[in-house]
Amino acid sequence: MNVSRVHRLLKLITLMRSADTLDADALAGNLNVSRRTLFRDLKMLELANVPYRFDGRGRGYRIDDSFFLPPVNMSL
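These numbers come from a predicted model, not from an experiment.

A short note on the nonpolar core
Moving on, step 1. Leu12, Met16, Leu27, Leu38, Leu42 and Leu45 are the most contacted members of the largest nonpolar core, which has 17 residues in total.
Moving on, step 2. Counting only elements with at least two residues in this core, the list comes to helix H1 (3-17), helix H2 (24-31), helix H3 (35-47) and strand E2 (60-63).
Moving on, step 3. Ranked by residue count, the leading element in this core is H1, at five residues.
Moving on, step 4. Setting aside residues no more than four positions away along its own chain, Leu45 makes contact with Leu9, Leu12, Ile13, Met16, Val50 and Tyr52.

This is the structure we're talking about:
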């Protein structure tokens, strides 16, 4: 996985944790990618066990409030 994709996935997590509920078109627009690429990225989050869901009331994607990224192990 390249650095730009990692950066995009982190930005996607940040967008889905924000106060605004964003639909697929809005998320793709914020990331400057196609809808298809957005759905590939969502699949990567699913494989990484990131608990996201589609919020029917807000009509967009959200990450559960209980989700936190694990601490980074920065040992040599």
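After presenting the structure, the write-up continues.
Structural notes on the packing of aromatic side chains
Moving on, step 1. Scanning the entire structure with this criterion turns up two aromatic pairs.
Moving on, step 2. Pairing Tyr52 with Tyr61 gives two aromatic rings, centres 6.2 Å apart and planes at 55°, and the pair type is tilted.
Moving on, step 3. Residue classification places Tyr61 among the buried residues on the basis of a relative accessible area of 14%.
Moving on, step 4. The interplanar angle of 75° and the centroid separation of 5.3 Å between the aromatic rings of Phe54 and Tyr61 together place this pair among those described as edge-to-face.
Moving on, step 5. Three or more aromatic residues joined by ring pairs form one cluster here, namely Tyr52, Phe54 and Tyr61.

Topic: the environment of Gly60
Moving on, step 1. Here Gly60 is to be found in strand E2.
Moving on, step 2. Look at Gly60 and you get buried, because its relative accessible area is 0%.
Moving on, step 3. Setting aside chain neighbours within four positions, we find Gly60 in contact with Thr21, Leu22, Asp23, Arg53, Phe54 and Asp55.

A few points about the environment of Asp64
Moving on, step 1. Positionally, Asp64 belongs in the segment after E2.
Moving on, step 2. Owing to a relative accessible area of 27%, Asp64 belongs among the partly exposed residues under this scheme.
Moving on, step 3. When the C-alpha positions of Asp64 and Met16 are compared, they lie 9.1 Å apart, and in sequence the two are 48 residues distant.
Moving on, step 4. Aside from chain neighbours lying at most four places away, what touches Asp64 is Arg17, Pro51 and Arg53.
Moving on, step 5. Of note is the side chain of Asp64, whose polar atom sits 3.1 Å from the side chain of Arg53.

Rules and cut-offs
Residues numbered from 1 in each chain as written. Predicted model: local features only at pLDDT ≥ 70, side-chain atom pairs only at ≥ 80, totals over all residues. Heavy atoms only, no water. Core = buried A, V, L, I, M, F, W, Y, C linked by side-chain atoms within 4.5 Å. Buried < 20%, exposed > 50% of the residue type's maximum accessible area, 1.4 Å probe, protein only. Helix = DSSP H or I, 4+ residues; strand = E, 2+ residues; numbered from the N terminus. Contact = heavy atoms within 4.5 Å. Phe/Tyr/Trp six-rings, centres within 6.5 Å; stacked < 30°, edge-to-face > 60°. Polar contact = N/O pair within 3.5 Å; in protein donor to acceptor, adjacent residues only side chain to side chain.

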